[in-house]
Amino acid sequence: MRATDILKAIQKLNPAEKHRLREYLIDALTASSSTGTILQEISERKNKSGYHCPDCESEHIVRYGKYSTIVDGDEVEKQRYRCKACKKTFTDLTNTALYRTRHLNQWIKFIECMIEGYSLRKSAELVGNVTHVTLFYWRHKLLSSLKQMEISNFEGIVEMDETYFLYSEKGQRKIKDRKPRKRGGSAKKRGISNEQVCVLVARDREKMTFSQTLGMGRLTKEQLDKAIGHKLSDENVLCTDSWRAFKTYAAEKGMDIYQFKSDGKVRTKGLYHIQNVNNYHRRLKGWIQRFNGVATKYLNNYLAWFRVLESIQHQRNPITMNDLMIKGNLIQNMETYDTLRLAKFTI
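Note on numbering: residues in each chain are counted from 1, in written sequence order. Local features are withheld for residues below a pLDDT of 70 in this predicted model, meaning they are given only at 70 or higher, and side-chain atom pairs are given and counted only at 80 or more; totals for whole chains, interfaces and linings count all residues. Excluded from the side-chain calculation are hydrogens and water; included are all heavy atoms of the structure.

Labelled according to an unreviewed UniProt entry, the protein appears under the name IS1595 family transposase, originating from Niallia hominis.

The following block contains the structure:
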């Protein structure tokens, strides 16, 4: 059958049949993209400027035999290295999200589940041979790497606005000073208080996005400067809500600023508005609801997760899945199951 005949046959399918065909093709393409190729790509990009010891940063590295790992059901030999300075051995995956993972060939399927936003239990069913507890560890190891990805400096108009999440100790067995809340609950006090975590979101018109927890309660100009000051210059124009910390910060840095009150009576001033960042807030809050509450100590990980999903427009295909796996393993990651489990929320 010719390609044109296949395309005509596809056009005759109903929406449900087209969806099933799309799912089949994605799975087939994903299966055909060898995890071994991804590991090779990680190795080449990680060592593009030469080999470095992950422990002492020495460049005096020699090859030191090979080790075996299972990739796509087959035993594959990978290179081991030795540092001549500190005498320690390492591999291309040392101190990455994939370090000491026993199921390398199942990571791509799990990343597919992450893009779809599936729960850990549903992901465990789809991935197979891995428990939901292990997948929780995989999720946060990858996210702790992705949140370290540096964004470029902002250009032109920059929209900023803060949003708030109720402080959560989800998963904590012994909560002090208050009774446990079911599925998030509500704050004791009205308005913004120290019960709520401030998340700053900043976006320029090129969709370059910063999102991070800054502290408890209202935003201060000191927090703003520490978090994002190095990404801004006096050539940027700020568009914010009416909170005074933004105005004070802009005045100190010699930046132009347009502010909009929350009553929504004046929404735009020509090119200047905060509609992009407000829409981002709305999508973020809607997406995060699926988790039935997020522990505050992991909130920055979820913010990084959503930024990545927005950057790929929530598209699940071999290119986005492979790219996510590669980028997430080019950054040093020292997290372990215990460090993730015992983590505390800090500012």
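Undergrad: Even after reading the chapter, I still don't get the overall build of the protein, so can you show me in this structure?
TA: Broken down by element type, the protein carries 12 helices and 10 strands. Each of the 347 residues in the protein was classed as buried or not, and the buried ones make up 42%. Any two residues whose heavy atoms approach within 4.5 Å are treated as being in contact. The contacts of the protein with a sequence gap of at least 6 include a subset with a gap of at least 24, amounting to 64%. Elements are defined by DSSP. Helices are runs of H or I of four residues or more, strands are runs of E of two residues or more, and each kind is numbered from the N terminus. A simple rule labels every residue: compare its accessible area, found with a 1.4 Å probe on the protein chains alone, to the largest value its type can have, and call it buried under 20%, exposed over 50%, or partly exposed in between.

Undergrad: What should I look at first to understand the environment of Leu-303 in this one?
TA: Tracing the backbone shows Leu-303 in helix α10 (residues 299-311). Distance from Leu-303 to Thr-213, taken between C-alpha atoms, is 8.8 Å for residues 90 residues apart in sequence. The contacts of Leu-303, once residues within four sequence positions are left out, are Val-199, Ser-211, Gln-212, Thr-213 and Leu-284.

Undergrad: What should I look at first to understand the side chain of Asp-92 in this one?
TA: The topology assignment puts Asp-92 in the loop between β3 (89-91) and α4 (107-116). Here Asp-92 is buried and forms no salt bridge, its nearest opposite-charge partner Lys-78 lying at an N-O distance of 5.6 Å. Polar contacts, as used here, are pairs of N or O atoms within 3.5 Å; protein pairs need one atom able to donate a hydrogen and one able to accept it. Residues neighboring in sequence count only if both atoms are side-chain atoms. In terms of polar contacts, Asp-92 uses its side chain to reach the side chain of Ser-43, at 2.9 Å. Contacts of Asp-92, omitting those with residues within four sequence positions, involve Ser-43, Lys-46, Asn-47 and Tyr-81. Positive residues here are Lys and Arg, negative ones are Asp and Glu, while His and the chain termini are left out of the count. Whenever Lys or Arg places a side-chain nitrogen within 4 Å of a carboxyl oxygen from Asp or Glu, that contact is recorded as a salt bridge.

Undergrad: Teacher, can you tell me more about the environment of Thr-131 here?
TA: Along the chain, the position of Thr-131 falls in the loop between α5 (120-127) and α6 (132-146). Residue classification places Thr-131 among the partly exposed residues on the basis of a relative accessible area of 45%. With 11 residues separating them in the primary sequence, Thr-131 and Leu-120 have C-alpha atoms 8.5 Å apart.

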